[in-house]
Amino acid sequence: AMDRAEAGAGLEFYWTGYSQDLINQIRLDLKVSALFPHVPMPSGVYKLPVEVGPATAYIVPENTADTGQTSITGSNVGTANVTLTATSCGALTRISRELDQDAIVPLVPMIQRNLLRGLANGLEDAILNGDTTATHMDTDTEAAGASHVATAFPGLRKLALANSYKTDISTWNLSKLRDMRKGMGKFGINPRDLALVVSNSAYIQMLSWA
């Protein structure tokens with residue numbers, strides 16, 4: 001019997017159509033990068049001035065004469081700076097002229113969107129998982145080599161580990177969350193300055209908290 005699978009007996013006549021509607025991958029919104037200020041760098045090395053301490057207040061006695069009186073004790077504003085050193089990250093997709101012309105969907109706009117998404121994913125990955133030490137803290141990233149985007153700069157997890165900013169959350173509940181916030185000292189006071197970066201599982205678990 002002739003059928004669609006048999007060469008020479010129907011296969012050559014079987015037509016397969018392609019839809020022009022492109023199905024996009026399901027992706028979560030990227031949230032972590034937007035938590036931080038983005039600093040335009042006019043040069044590869046760029047310094048940000050930082051105020052680190054206020055002037056000191058002192059008791060001032062009443063001055064009762066024109067000369068020889070007690071002056072206010074002087075103090076300086078604490079100053080420092082942060083040095084930013086740029087690291088370039090990029091994404092590349094090659095496409096032949098023929099495929100661009102013959103593909104059922106417009107490929108160049110899709111590739112452009114895909115590249116932008118890839119760059120955003122890379123930035124998010126580096127912010128969370130970045131590590132610049134000789135051996136990366138994650139074995140899969142270490143195996144990927146020195147060009148992996150998560151070797152661009154120290155990320156949140158690495159900074160927390162390096163400074164022992166840890167709370168045992170083997171039991172994940174509201175009390176543990178407040179322990180974490182307590183450990184942040186003055187930086188944990190204003191909830192508008194805080195964010196929780198959690199897995200899907202932890203997020204769903206948190207929805208049941210009172």
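Heads up: these notes are all about the structure in this document. (Residues numbered from 1 in each chain as written. Predicted model: local features only at pLDDT ≥ 70, side-chain atom pairs only at ≥ 80, totals over all residues. Heavy atoms only, no water.)

## Describing unusual backbone geometry
- Positive phi, close to 55 degrees, is recorded for serine 164, a residue that is not glycine.
- Relative to the assigned elements, serine 164 resides in the loop between helix H4 (156-162) and helix H5 (174-183).
- Judged by relative accessible area, which is 55%, serine 164 ranks as exposed. (Helix = DSSP H or I, 4+ residues; strand = E, 2+ residues; numbered from the N terminus. Buried < 20%, exposed > 50% of the residue type's maximum accessible area, 1.4 Å probe, protein only.)

## Some remarks on the side chain of threonine 141
- Relative to the elements of secondary structure, threonine 141 occurs in helix H3 (residues 139-144).
- Using a relative accessible area of 8% as the deciding quantity, one classes threonine 141 as buried.
- Excluding residues within four positions of it along the chain, threonine 141 makes contact with His136, His148, Ala150 and Thr151. (Contact = heavy atoms within 4.5 Å.)

## So, the layout of surface pockets
- Approximately 1600 Å³ is the volume attributed to the largest pocket.
- In terms of lining, the largest pocket is formed by 32 residues, of which the most central are Ala160, Tyr165, Met180, Met184 and Ala195.
- Of all the secondary structure elements, the ones that give two or more residues to the lining of the largest pocket are H4 and H5.
- Within the lining of the largest pocket, the residues separate by chemical class into 21 nonpolar, five polar and six charged.
- The volume enclosed by the second largest pocket comes to roughly 960 Å³.
- Surrounding the second largest pocket, 28 residues form its lining, Pro37, Leu84, Leu123, Ile127 and Phe153 being those nearest its centre.
- Among the secondary structure elements, those contributing two or more residues to the lining of the second largest pocket are strand E2 (78-85), helix H2 (107-129) and H4.
- Tallying contributions element by element places H2 first for the lining of the second largest pocket, with six residues.
- Its residues assigned to classes, the lining of the second largest pocket comprises 19 nonpolar, nine polar and no charged. (1 Å grid on protein atoms, 1.4 Å probe; cavity = no way out; pocket = protein on both sides within 12 Å on 5 of 7 lines; lining within 4 Å. Points joined across faces, edges and corners; volume = space filled by probe spheres on them. Nonpolar A, V, L, I, M, F, W, Y, C, P; charged D, E, K, R; others polar.)

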